[in-house]
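These are the residues of each chain, in order.
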Amino acid sequence: MITLILLNPLQSLPPQSWTFEDEPIIRIGRSTDNDVVLYSAVVSRRHVELRRVNNSWEIVSLGANGTFLNGKQIQQTPVSDGIVLRLARSGPQIKIRLGILTLEEIRQSISEHYSQAASSER
């Protein structure tokens, strides 16, 4: 199972997340035929694919504006629990969690992300 969490800078909004169980490929982009649809001008119609490889996942960047992990542009990389992708240099961020999560765990994951971001800005 894999859960994608949209990290919204406005924490007052409820968390938006998507959980997938058996899909071999999860498509993320602006087009309405994606599994995760993100309406942002910097997000490509088909921006990212998450592909199941045996018992793990990999990220494949397809977007014209790039996909970033820890500030570095990636083309293809394995998924590890808790990583945060940024679609385009200034686009939306998605946290990836592996395994089954409750709504409270999703909220906690978002809260931890913003606490870490605030600490690194100091």
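None of these values were measured; they are calculated from a predicted model.

Asks: Quick question: what am I supposed to make of the pattern of salt bridges here?
Replies: Pairing is possible between side chains of opposite charge, provided their charged atoms come close. By the definition in use, this model includes four salt bridges. With a shortest N-O distance of 3.1 Å, D33 and R46 are connected by a salt bridge. One end of the pair, D33, is in the loop between strand 3 (25-29) and strand 4 (36-37); the other, R46, is in the loop between strand 4 and strand 5 (48-53), and 13 residues separate them in sequence. Residue D81 pairs with R97 through a salt bridge whose shortest N-O separation is 3.0 Å.

Asks: Would you explain the sheet that holds strand 10 (residues 84-87) in this entry?
Replies: Strand pairing in a sheet takes place through backbone hydrogen bonds and is either antiparallel or parallel in direction. Across the sheet, six strands lie side by side as 2-1-11-10-7-8; this open sheet has antiparallel pairing. The open sheet terminates on both sides in strands that have one partner only, identified here as strand 2 (16-20) and strand 8 (72-74). Geometrically, the sheet is characterised by an average inter-axis angle of 30 degrees between neighbouring strands, direction not taken into account.

Asks: When you look at the side chain of N34 in this model, what are you seeing that I'm missing?
Replies: Of note, N34 is situated in the loop between strand 3 and strand 4. The exposure class of N34 is buried, given its relative accessible area of 7%. Polar contacts involving the side chain of N34 include one to the main-chain carbonyl oxygen of S31, which spans 2.9 Å. Beyond its immediate chain neighbours, meaning those up to four positions away, N34 contacts R27, I28, G29, R45 and R46.

Parameters and conventions
Residues numbered from 1 in each chain as written. Predicted model: local features only at pLDDT ≥ 70, side-chain atom pairs only at ≥ 80, totals over all residues. Heavy atoms only, no water. Salt bridge = Lys/Arg side-chain N within 4 Å of Asp/Glu carboxyl O. Helix = DSSP H or I, 4+ residues; strand = E, 2+ residues; numbered from the N terminus. Pairing = 2+ DSSP bridges. Axes fitted to C-alpha atoms, helices over the stretch in contact; angles between N-to-C directions. Buried < 20%, exposed > 50% of the residue type's maximum accessible area, 1.4 Å probe, protein only. Polar contact = N/O pair within 3.5 Å; in protein donor to acceptor, adjacent residues only side chain to side chain. Contact = heavy atoms within 4.5 Å.

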